[in-house]
Amino acid sequence: MNSVILLTVDSLRADRITDGCFGESLEVLRKDFAEFNNAYSYGVATPFAFPGIIAGTHPIGNGNIASDSITLAEVINGDSTAYANNGYLREERGYARGFTHFKESPSINGKGKISFVDRIARRLQKVEAIRESAIAKTIYNRYLRDPLPISYVPADGMVKLMRRKLNKKSDEFIWGHWMDPHLPYHPNTAIDPPEDVPNLEELDDIKNRIAEADASALTKEELELSRELYDANVRYYDKHFSKLLRWMQNQSWYDDAFIVVVSDHGEYFGEYGQLFHTWDIDPYDEAIHTPLWVKYPNQEDGGETFDHVVGHGDILATVVDEFEPNELNSPEHTAPLRETASRHVVSVSNTAKRLTEDDGVYISRRDGSEEERGHVSEAGKQFVESIELPECRTSRGKVLGVEEAERNRRLKNLGYK
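Not measured: the values here are computed from a predicted model.

Colleague: Explain the packing of helix 7 (residues 155-168) against helix 9 (residues 220-249) residue by residue, including any values.
Modeller: Between helix 7 and helix 9, whose axes approach to 9 Å, the crossing angle comes to 15 degrees. One finds that helix 7 runs roughly parallel with respect to helix 9. As for how helix 7 packs across helix 9, the hand of that crossing is right-handed. Between helix 7 and helix 9, the contacting residues are Ala-155, Asp-156, Val-159, Met-162, Arg-163, Leu-166 and Asn-167 on the first element and Tyr-236, Tyr-237, His-240, Phe-241, Leu-244, Trp-247 and Met-248 on the second. Among the residues forming the contact of helix 7 with helix 9, the class breakdown is ten nonpolar, two polar and two charged.

Below you can see the structure in the form of structure tokens.
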């Protein structure tokens, strides 16, 4: 049992996989896991990225998993459990499909459980009149919401949940998602944070400006503080995640297990004038180049590094290849991760589709413009055209970038641009 274990983390940049930020976990990963150095997400943020990890496909509409795709939980025979731990990873978007137990908002000892006020607020956000009401927003922000809340299970709690479930050895597939080091880069979940950290109210204000994604909204000092707090939260995640890795090493089922560790996307810290993980610009490396490690059964290829371009959809293709369940076919343009054959890896935002291949990058935008760097294949470009651009909505109901891109496209077609 415990045949396949998927361990995902939110917003972990590939360039933060260093001894200074992630050293404790790297001791295990470098020994037992194969590293895929050029792994690319299917999208710039959680709703864009996770259909690739869970189903090997690109998002449909508002970040949904396509109804005709098959999820990892449906591929793997036997009981399965998911701790989604992220408000975008919901049953209504298809993430619960195939799971015996799906915990959308898990909690441990009361930590990470959404407060009553926040639960009501999330429901009210679905009502357009309230969602767009400046008065409702002001009342909630000023009088009801705690400053800089943590509405998910932090790393230490997730480790407890996963150990408790893995100890039972009853599931064939277990997925756990860590939200550290995602915004708000909280000082209470930080290892070696910077000196003179502002109070929670000031940090809450900085967090809100970061979420708007415009780097010009932060001073130079605030931007540096944000980077340092982010790194401190990576270290917090590393401290607890490494304990889970070392604990798993000592379990009787560890040698036989297939374990994946992957980040869904990265984060901007001023690059291209951006912050956070922007939904309405081209997918740049900082947002889509992610860490990816795999522990194969009996630690095969442990310590090896593979440099060819791979995509998150290749995770499902690898599971199919390793376990051959029901003689399934892998999604289009995916392959087992260790196969070095060229791939057409496509990453999407609300406004652009980016093709990444071994020798180049190609971008096709909603406004009709294109860009190519290096050399990409015609087959790759055709695959890009076959993919539907999503229209993912924020928690406030906004579809970032879509209206402006469509307006620019129409103006260009009319000869005004």
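Colleague: Could you give me a rundown of helix 8 (residues 200-211), with the residues and numbers involved?
Modeller: Helix length check: helix 8 (twelve residues) gives 16 Å between terminal C-alpha atoms against 16 Å at 1.5 Å per residue, within 8%. For helix 8, the elements touching its buried residues are helix 9 and strand 8 (275-276). Where helix 8 begins, one side-chain oxygen reaches toward the backbone nitrogen of Glu-201, 3.1 Å away; that side chain belongs to Asn-199. Following helix 8 by one or two positions, Ala-213 adopts a phi angle in the positive range, close to 80 degrees.

Colleague: Quick rundown of the sheet that holds strand 14 (residues 360-365)? Include the residues and the values.
Modeller: Spatially, 12-13-14-15 is the arrangement adopted by the four strands of the open sheet, whose pairing is antiparallel. The sheet is open, and its two borders are formed by strand 12 (345-348) and strand 15 (370-374), each paired with just one other strand. Pairs of neighbouring strands in the sheet enclose a mean axial angle of 15 degrees, with direction left out of account. As paired strands, strand 13 (residues 352-357) and strand 14 are joined by six bridges and run antiparallel to one another. Note that in strand 14 the partner of Leu-355 across the bridge is Tyr-362. Sheet strands in contact with helix 12 (residues 378-386) are strand 12, strand 13, strand 14 and strand 15, and its direction is about 150 degrees off that of strand 13.

Colleague: Can you break down the packing of aromatic side chains residue by residue, with the values?
Modeller: Within this structure, the stated rule accounts for 22 aromatic pairs. With centroids separated by 5.9 Å and ring planes inclined at 40 degrees, the aromatic side chains of Tyr-185 and Phe-269 adopt a geometry described as tilted. Taken as a pair, Tyr-185 in the loop between strand 5 (173-178) and helix 8 and Phe-269 in strand 7 (residues 268-269) lie far apart in primary sequence, 84 residues in all. Considered together, Tyr-185 and Phe-269 belong to a single accessibility category, that of buried residues. Ring geometry for Trp-247 against Trp-253: centres 6.2 Å apart, planes inclined by 65 degrees, an arrangement best described as edge-to-face. Of the two residues examined, Trp-247 and Trp-253, each falls in the buried class. Residue placement shows Arg-338 over the ring face of Tyr-296; its charged tip is 3.6 Å from the ring centre. Taking NZ or CZ as reference, Lys-381 lies 5.2 Å from the ring centre of Tyr-362, over its face.

Colleague: Please set out the nonpolar core residue by residue, giving values where relevant.
Modeller: Leu-7, Phe-22, Met-162, Trp-178, Leu-244 and Met-248 are the most contacted members of the largest nonpolar core, which has 51 residues in total. When contributions to this core are tallied by element, the ones reaching two or more residues are strand 1 (4-9), helix 1 (19-32), helix 7, strand 5, helix 8, helix 9, strand 6 (258-263) and strand 8. Leaving out residues up to four positions away in the same chain, Met-248 has contacts with Ile-5, Leu-7, Leu-166, Trp-253, Tyr-254 and Ile-259. In this structure, Ile-54, Ala-73, Ala-82 and Ala-96 belong to the second largest nonpolar core, which totals 36 residues.

Colleague: Give me the lowdown on empty space enclosed by the protein, citing residues and values where you can.
Modeller: The full count for this structure, using the stated rule, is one cavity of 30 Å³ or more. Computed from the structure, the largest cavity encloses a volume of approximately 70 Å³. Lining the largest cavity are Leu-183, Pro-184, Tyr-185, Leu-203, Ile-206, Lys-207, Ile-210, Leu-225, Ser-226 and Leu-229. Elements that contribute at least two residues to the lining of the largest cavity include exactly helix 8 and helix 9. By residue number, the principal contributor to the lining of the largest cavity is helix 8, which donates four residues. Across the lining of the largest cavity, the residue classes tally to eight nonpolar, one polar and one charged.

Colleague: Before we move on, can you summarise the layout of surface pockets with the specific residues and values?
Modeller: Here the second largest pocket is characterised by a volume of approximately 280 Å³. Taken together, 13 residues form the lining of the second largest pocket, with Thr-57, His-58, Glu-332, Phe-383 and Ile-387 sitting closest to its centre. For the lining of the second largest pocket, the residue count by class is seven nonpolar, four polar and two charged.

Colleague: So, the pairing of strand 14: which residues are in play, and what are the values?
Modeller: In terms of burial, strand 14 is largely enclosed, as six of its six residues are buried. The alternating pattern of strand 14 places Gly-360, Tyr-362 and Ser-364 on one face and Val-361, Ile-363 and Arg-365 on the opposite face, and all of these are buried. As consecutive antiparallel partners, strand 13 and strand 14 are separated by two residues. In this antiparallel pair of consecutive strands, strand 14 and strand 15, the connection spans four residues, and Gly-368 shows a positive phi of 95 degrees.

Parameters and conventions
Residues numbered from 1 in each chain as written. Predicted model: local features only at pLDDT ≥ 70, side-chain atom pairs only at ≥ 80, totals over all residues. Heavy atoms only, no water. Axes fitted to C-alpha atoms, helices over the stretch in contact; angles between N-to-C directions. Helix = DSSP H or I, 4+ residues; strand = E, 2+ residues; numbered from the N terminus. Parallel < 35°, antiparallel > 145°, perpendicular 65-115°, else oblique. Left-handed = near helix turned anticlockwise from the far one by under 90°. Contact = heavy atoms within 4.5 Å. Nonpolar A, V, L, I, M, F, W, Y, C, P; charged D, E, K, R; others polar. Expected span 1.5 Å × (residues − 1). Polar contact = N/O pair within 3.5 Å; in protein donor to acceptor, adjacent residues only side chain to side chain. Pairing = 2+ DSSP bridges. Phe/Tyr/Trp six-rings, centres within 6.5 Å; stacked < 30°, edge-to-face > 60°. Buried < 20%, exposed > 50% of the residue type's maximum accessible area, 1.4 Å probe, protein only. Lys NZ or Arg CZ within 6 Å of the ring centre and 35° of its normal. Core = buried A, V, L, I, M, F, W, Y, C linked by side-chain atoms within 4.5 Å. 1 Å grid on protein atoms, 1.4 Å probe; cavity = no way out; pocket = protein on both sides within 12 Å on 5 of 7 lines; lining within 4 Å. Points joined across faces, edges and corners; volume = space filled by probe spheres on them.

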